Each structure stands twice: as structure tokens, then as C-alpha cells.
Amino acid sequence: MATATATAFLILLLSVPAAYATQYVVGDSAGWTNFGSDYGTWASGKTFTVGDSLVFNYDSSTHKVAEVPQSDYNSCSASNAIQTYSDGSTTISLSKTGSMHFICPTAGHCSSGMKLSINVVAASTTPAPSSGSTTPAPPSGSTPPSSGTTPTKASPPPPAKNGAATIFYSMNSFVLLSFLLALALIG
């Protein structure tokens, strides 16, 4: 019985994700194409975080994905590509902070808009708010607010509602409940 309890506990721990990573499908249902997609608009409003991933879906007979330095992104050149993919469904993990640039290296595609530039930020490690209320000191060189006003902190935008985290969590919950039911029936 101790082994069954330990196994159930281990599965419970594994079923709860450590962080809610998001999988972004570039261009949504249109995918990675040179027909009418504006990837700058697609990326705007999204917060790409370390641990997230980009999925490029494309016709591999006509398109590729090249991760390039900013200078190649600006000039639509893949001559210094960091990595080139051609499998038709490429998943790229966002493993470090900073800017990342992608183009289609097929002649004319990048210049017609088949390019994506994103900024990857660190995963949030915001501590829980304390019960005490303190006002932080203003940064050096700034003017403190006049008396009677309270400084405000802008809230980050809500995460994109693409359902990836919800589906992942729901699937894990289903697996966990199925396992616990099977364990109860056996025991």
C-alpha cells in the first residue's frame, strides 16, 4: 500500500506543471506563409517568455524558417543564419531572454513580409504581496510624486488566450483522475 501511495503522490507532482508555458502557433490558422500575413501584428500584444515555444506550420516545398541575427533580419538575408529548418512543422523552444528574428529564406518571401521578430522575457517570479504596505523609494534622478498621490504600477497584459495551458492542464487532470480511479479499483 505504501508503494501505491508513493506512486500516486509522484504522479500528482508530475501532473501539475511547474510553469504555464505557452505554445504559440505563428500566424495562427494561416501559419507561416507569404500570403497576407502580418507577423508584426500577430506578435504584438503577446508576451513571449522563457519556456514558451513557437510552432511554425508551413509548406516545406516552398518555405523554410531561418533564425537569423538582427542585421540579416533587417536585410532579408539568411547568409548568417543561426539555424535553418525545413520540416514543415518546426517547434522552437524559447530558452533564453532577448530578441529572436526569423525569416523565410526563399527569394522574395522575407521582403514580402514573411519575417518575425520577437522579444523573449524572463519567466515571472513575482513574490506574493505582503500584508504590510510600503512605498518604494523613487529611482535616482526621478521626481517623487506630489503629496496626496499614490504611485501606481502598471499591470502586465493578460496572457494570450490560445487555450494551450488550459488543454495541457485538463489533459493532466484527466490522466491523474484516471490513475486514481484505477488505483482505487485495484486497492
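Residues numbered from 1 in each chain as written. Predicted model: local features only at pLDDT ≥ 70, side-chain atom pairs only at ≥ 80, totals over all residues. Heavy atoms only, no water.

The name that an unreviewed UniProt entry assigns to the protein chain is Phytocyanin domain-containing protein, with the source organism given as Hevea brasiliensis.

A. Focus on the state of the cysteines. According to the stated counting rule, one finds one disulfide in the structure shown. Between the sulfur of Cys-76 and that of Cys-110 lies a disulfide, 2.1 Å long from S to S. Of note, the bridge from Cys-76 to Cys-110 carries an S-S torsion of about -70 degrees and is left-handed in sense. In this pair, Cys-76 sits in the loop between helix H3 (70-75) and strand E5 (83-85) while Cys-110 sits in the loop between strand E7 (98-103) and strand E8 (115-121), placing the two residues 34 residues apart along the sequence. The thiol sulfur of Cys-104 is not disulfide-bonded, and the nearest other cysteine sulfur, from Cys-110, lies at 8.3 Å. (Disulfide = S-S within 2.5 Å. Helix = DSSP H or I, 4+ residues; strand = E, 2+ residues; numbered from the N terminus.)

B. Representation of the nonpolar core within the structure. In terms of nonpolar packing, the biggest core is built from 20 residues, with Trp-32, Phe-48, Leu-54, Phe-56, Leu-116 and Ile-118 touching the most fellow members. Listed by contribution, the elements that provide at least two residues to this core are helix H2 (39-43), strand E3 (53-57), E7 and E8. Excluding residues that lie within four positions of it along the chain, Leu-54 makes contacts with Tyr-24, Val-26, Trp-42, Phe-48, Thr-90, Thr-91, Ile-92, Leu-94, Phe-102, Leu-116 and Ile-118. (Core = buried A, V, L, I, M, F, W, Y, C linked by side-chain atoms within 4.5 Å. Buried < 20%, exposed > 50% of the residue type's maximum accessible area, 1.4 Å probe, protein only. Contact = heavy atoms within 4.5 Å.)

C. Representation of the side chain of Thr-49 within the structure. Relative to the helices and strands, Thr-49 resides in strand E2 (residues 48-49). Since its relative accessible area comes to 17%, Thr-49 is described here as buried. Here Thr-49 is in contact with Leu-94, Val-120, Val-121, Ala-122 and Ala-123, once residues within four sequence places are set aside.

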